[in-house]
2 protein chains.
Amino acid sequence: MSDLRFDTTCIGNAIVDVISKVEDKFLEEENLVKNSMNLIDEDRAEQLYSRMGAAVEISGGSAGNTAAGVASLGGRSNYIGKVKNDQLGAIFAHDIRAMGVNFDTQMAEGGPATARSFILVTPDAHRTMNTYLGACVELGPDDIDPAVIAASQVTYMEGYLWDPEGGKAAFRKAAEISHEADQRVSLTLSDSFCVDRFRDEFKDFISGGVDILFANEDEIKSLYQTDDISTAIEAVRSQVEIACITRSADGSLIVEGDNTVEVAADTTVDVIDTTGAGDLYAAGFLYGFTNGRSLAESGAIASLAAAEVISHVGARPEKDLKELIESRI
Amino acid sequence: MSDLRFDTTCIGNAIVDVISKVEDKFLEEENLVKNSMNLIDEDRAEQLYSRMGAAVEISGGSAGNTAAGVASLGGRSNYIGKVKNDQLGAIFAHDIRAMGVNFDTQMAEGGPATARSFILVTPDAHRTMNTYLGACVELGPDDIDPAVIAASQVTYMEGYLWDPEGGKAAFRKAAEISHEADQRVSLTLSDSFCVDRFRDEFKDFISGGVDILFANEDEIKSLYQTDDISTAIEAVRSQVEIACITRSADGSLIVEGDNTVEVAADTTVDVIDTTGAGDLYAAGFLYGFTNGRSLAESGAIASLAAAEVISHVGARPEKDLKELIESRI
């Protein structure tokens with residue numbers, strides 16, 4: 001690294017997406033809940049793959065998508081995640097670097113194959129994910145370089161990273177280093193099932209030191225076990241410096257202290273595949289925030305980045321987001 | 001195989017496409033001729049890949065795309081091609097079977113990796129291909145099951161298959177078996193550079209027993225080394241039972257004896273990526289031909305299938321072509 005300063009370091013499960021269009025009937029037959037992320041083992045991965053239609057492979061992973069988004073916006077972006085040294089690992093590494101992201105996590109030489117997520121996109125553009133974590137279980141605290149974290153304005157982590165044990169430890173180590181260096185720690189709750197798995201740990205972790213929290217309405221309601229979004233928002237308000245609550249087509253709320261900023265969604269695009277919407281929202285917000293934009297501006301960038309990624313198949317931007325933003329904001 | 005009867009058996013180089021959008025400038029910098037197919041070695045593959053942007057992986061291979069098209073149209077489709085038993089090989093095998101194509105060529109256990117073609121799509125939707133043949137060089141006559149060829153109405157082969165030596169031998173063996181069984185042999189000239197490489201052999205092979213020939217204008221002119229398309233068409237007329245000459249947006253000419261059928265292109269779609277246009281034209285024609293349609297009808301099916309595949313990224317149909325054809329023809 002020539003210049004050890006990053007706007008954001010994103011840490012997550014490094015995954016290649018295997019994307020296929022399916023009818024709703026297929027989800028029923030496979031007992032899958034639409035919009036969920038299911039963790040699957042290798043046997044189930046093979047079984048599901050054998051039943052799925054022809055697919056497209058595109059690099060993904062929630063925090064990887066966010067890192068790609070920050071880079072596409074022109075931000076200094078770093079990524080930490082574990083792939084194996086195999087064909088899909090080489091594809092993942094190529095793609096994230098080709099987006100302009102710094103990526104130098106050591107590849108695993110042995111153990112399980114590079115992770116993949118079988119993403120089933122139904123005609124309504126919603127996605128249902130089935131993730132085989134593979135080599136992601138090999139990520140651990142040793143993959144966290146303190147100098148890199150200390151040099152990152154924001155260290156952003158996906159809740160999904162708590163599924164593999166080593167990921168959780170890496171996560172805690174990175175948060176500690178970030179705070180010691182007076183930088184910010186950011187977390188996305190990832191998915192309401194993920195919140196179910198780790199509710200108490202997430203609450204402790206958030207109150208113990210998350211500065212910027214991303215969640216959709218289901219996730220934040222699940223975190224505080226309430227059906228009422230206002231109750232959840234009031235609960236989170238005192239816990240973090242900034243909370244971004246996404247509301248799909250209704251835009252988002254950005255909560256900071258007593259202040260609440262309402263951000264409109266960009267509804268000008270045809271929705272093809274919602275995969276990556278939350279990841280690119282986070283990318284847009286973090287890019288804006290780390291580059292001195294106001295909350296409202298950062299939210300507007302977030303909305304545009306999210307809209308771009310749902311206008312096509314795949315969870316990383318196809319357009320140059322820097323150009324897109326300059327033409328719109 | 002429960003029912004050993006196929007409309008078509010397609011034989012070709014089994015390739016995973018690695019597709020990336022580039023500016024024209026990139027082609028210039030890499031000394032690439034737009035619309036060409038360049039054979040590259042492993043070193044060049046790595047070099048080019050490191051310079052390319054983020055990509056999407058989709059199963060391809062010219063004859064593989066044709067096999068997928070025949071299956072999508074509802075035809076009984078078989079494919080012969082060689083991948084290695086690696087991650088990309090598993091992806092190729094999954095995808096072609098998921099399209100409904102019978103595929104049981106033994107995977108290579110050793111030797112080079114599964115082939116990939118780095119396909120660069122410029123803003124004008126044209127594609128420039130850079131193919132690392134990898135495991136395709138392992139295909140040989142032993143991969144040709146005489147019973148399968150004898151049970152296929154048409155055995156269709158891509159000119160590209162002449163690049164690896166074993167492919168050529170497999171090709172000749174299949175043609176011989178097909179003719180002995182009173183079935184038809186079909187060839188696509190693939191690419192004018194491919195014709196340059198094998199002109200004399202192609203001419204011998206065609207006059208010795210190609211029943212249905214596919215070529216675009218550049219290819220057929222190159223075959224007969226003439227600048228005049230009429231001269232080329234008159235030359236091919238006496239050589240094969242049927243010649244389909246594709247002319248991009250100007251449609252195609254189907255030549256059979258003294259008869260010439262003009263077929264219009266389907267120009268109702270937005271052209272996104274021309275990869276696979278010729279492959280799907282062949283699929284449409286062969287499906288029609290092997291299912292008792294007239295030349296004009298077969299040509300119309302061919303035009304619709306080609307139009308579908310150029311309306312999106314990737315060289316295999318995304319829509320169910322059977323439904324598409326039923327709604328249009």
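Here the structure is a predicted model, which is why all the values come from computation and not from measurement.

Peer 1: Quick question: what am I supposed to make of the pairing of strand β8 (residues 127–132) of chain B here?
Peer 2: In the case of a regular strand, side chains alternate between the two sheet surfaces. Residues and elements named next belong to chain B. Burial analysis of β8 places six of its six residues in the buried class, the great majority of the element. Judged by which residues are buried, β8 turns out to be covered on both faces: R127, M129 and T131 on one side and T128, N130 and Y132 on the other are all buried. For strand β3 (residues 37–39) and β8, the ladder comprises three bridges, and the chain directions are parallel. The residue bridging M37 from the neighbouring strand is M129, located in β8. Summarising the sheet, strand β7 (residues 115–121) and β8 pair through six bridges and their orientation is antiparallel. Considered in β8, the bridge of V121 is made with R127. Between the antiparallel neighbours β7 and β8 lie five residues, among them A125 with a positive phi of about 75°.

Peer 1: Quick question: what am I supposed to make of helix α6 (residues 165–180) of chain B here?
Peer 2: Residues and elements named next belong to chain B. Under the 1.5 Å per step criterion, the end-to-end length of α6 is 23 Å for 16 residues, consistent within 8% with the ideal 22 Å. Those residues of α6 not exposed but buried are G167, A170, F171, A174, A175, I177 and S178. The arc enclosing the buried residues of α6, seen along the axis, measures out at 165°, which places them on a common side. Exposed residues pointing more than 90 degrees away from the buried face of α6 are listed as E165 and E180. Those residues of α6 hidden inside the fold are in contact with β1 (6–11), α5 (146–150), β9 (152–158), β10 (184–188) and α7 (192–209). Positive backbone phi, approximately 60°, marks D182, located one or two places after α6.

Peer 1: Looking at this model, I keep getting lost on the packing of helix α3 (residues 62–72) of chain A against helix α10 (residues 277–290) of chain A. Mind explaining?
Peer 2: How two helices sit against one another is set out by the angle between their axes and by the gap between those axes. Residue and element names in this part refer to chain A. Relative orientation of the contacting elements α3 and α10 amounts to 40°, with a least axis distance of 8 Å. When the interaxial angle is binned, α3 and α10 end up oblique. As α3 runs across α10, the sense of the crossing is right-handed. Within the contact between the two elements, α3 uses S62, N65, T66, G69 and V70 and α10 uses D279, L280, A282, A283, G284, L286 and Y287. Classifying every residue of the contact of α3 with α10 gives six nonpolar, five polar and one charged.

Peer 1: Please explain the sheet that holds strand β14 (residues 259–263) of chain A as it appears in this structure.
Peer 2: Adjacent strands of a sheet form backbone hydrogen bonds with each other and so pair up, either parallel or antiparallel. Residue and element names in this part refer to chain A. A sheet is described by the order of its strands in space; here nine strands give the open sequence β6-β5-β1-β9-β10-β11-β12-β13-β14, paired in mixed fashion. Two strands bound the open sheet, and with one partner strand each, they are β6 (102–103) and β14. Across four bridges, the pairing between strand β1 (residues 6–11) and strand β5 (residues 77–80) is parallel. Looking at β5, one finds that C10 is bridged to Y79. Packing of α10 onto the sheet brings it into contact with β1, β9 (152–158), β10 (184–188), β11 (212–216), β12 (242–246) and β13 (252–256), and relative to β9 it is tilted by some 165°.

Peer 1: Looking at this structure, how should I read the sheet that holds β10(B)?
Peer 2: Residues and elements named next belong to chain B. Within the open sheet, the nine strands sit side by side as β6-β5-β1-β9-β10-β11-β12-β13-β14. Their pairing is mixed. This sheet does not close on itself; its edge strands, each paired only once, are β6 (102–103) and β14 (259–263). Taken together, the five bridges between β9 and β10 define a ladder with parallel strand orientation. When the sheet's bridge partners are listed, M157 is paired in β10 with L187. Its contacts with the sheet put α6 on β1, β9 and β10, and the angle it makes with β9 is roughly 160°. Set on the sheet, helix α11 (residues 295–310) makes contact with β13 (252–256) and β14; between it and β14 the angle comes to about 30°.

Peer 1: Can you help me understand the environment of Y49(A) in this one?
Peer 2: Take Y49(A): it is sitting in helix α2 (residues 42–51). Taking the number of C-beta atoms within 10 Å as the measure of exposure, Y49(A) has 19 and is therefore partly exposed. For the pair Y49(A) and F118(A), spaced 69 residues apart in the sequence, the C-alpha separation amounts to 7.5 Å. Those residues in contact with Y49(A) that lie beyond four places of it in its chain are F118(A) and H94(B).

Peer 1: How do you make sense of the interface of chain B and chain A when you look at a structure like this?
Peer 2: Contact residues are listed per partner, giving 19 residues for chain B and 19 residues for chain A. When contributions to the side of chain B that touches chain A are tallied by element, the ones reaching two or more residues are β4 (56–59) and α4 (87–98) of chain B. Residue contributions to the side of chain B that touches chain A peak at six residues, all from α4(B). Residues that form the side of chain B that touches chain A fall into these classes: 10 nonpolar, five polar and four charged.

What counts as what
- Residues numbered from 1 in each chain as written.
- Chains lettered and ligands numbered in written order.
- Predicted model: local features only at pLDDT ≥ 70, side-chain atom pairs only at ≥ 80, totals over all residues.
- Buried ≥ 20, exposed ≤ 12 C-beta atoms within 10 Å, placed from the backbone.
- Helix = DSSP H or I, 4+ residues; strand = E, 2+ residues; numbered from the N terminus.
- Pairing = 2+ DSSP bridges.
- Expected span 1.5 Å × (residues − 1).
- Arc of directions from axis to C-beta.
- Contact = placed C-beta atoms within 7 Å.
- Axes fitted to C-alpha atoms, helices over the stretch in contact; angles between N-to-C directions.
- Parallel < 35°, antiparallel > 145°, perpendicular 65-115°, else oblique.
- Left-handed = near helix turned anticlockwise from the far one by under 90°.
- Nonpolar A, V, L, I, M, F, W, Y, C, P; charged D, E, K, R; others polar.

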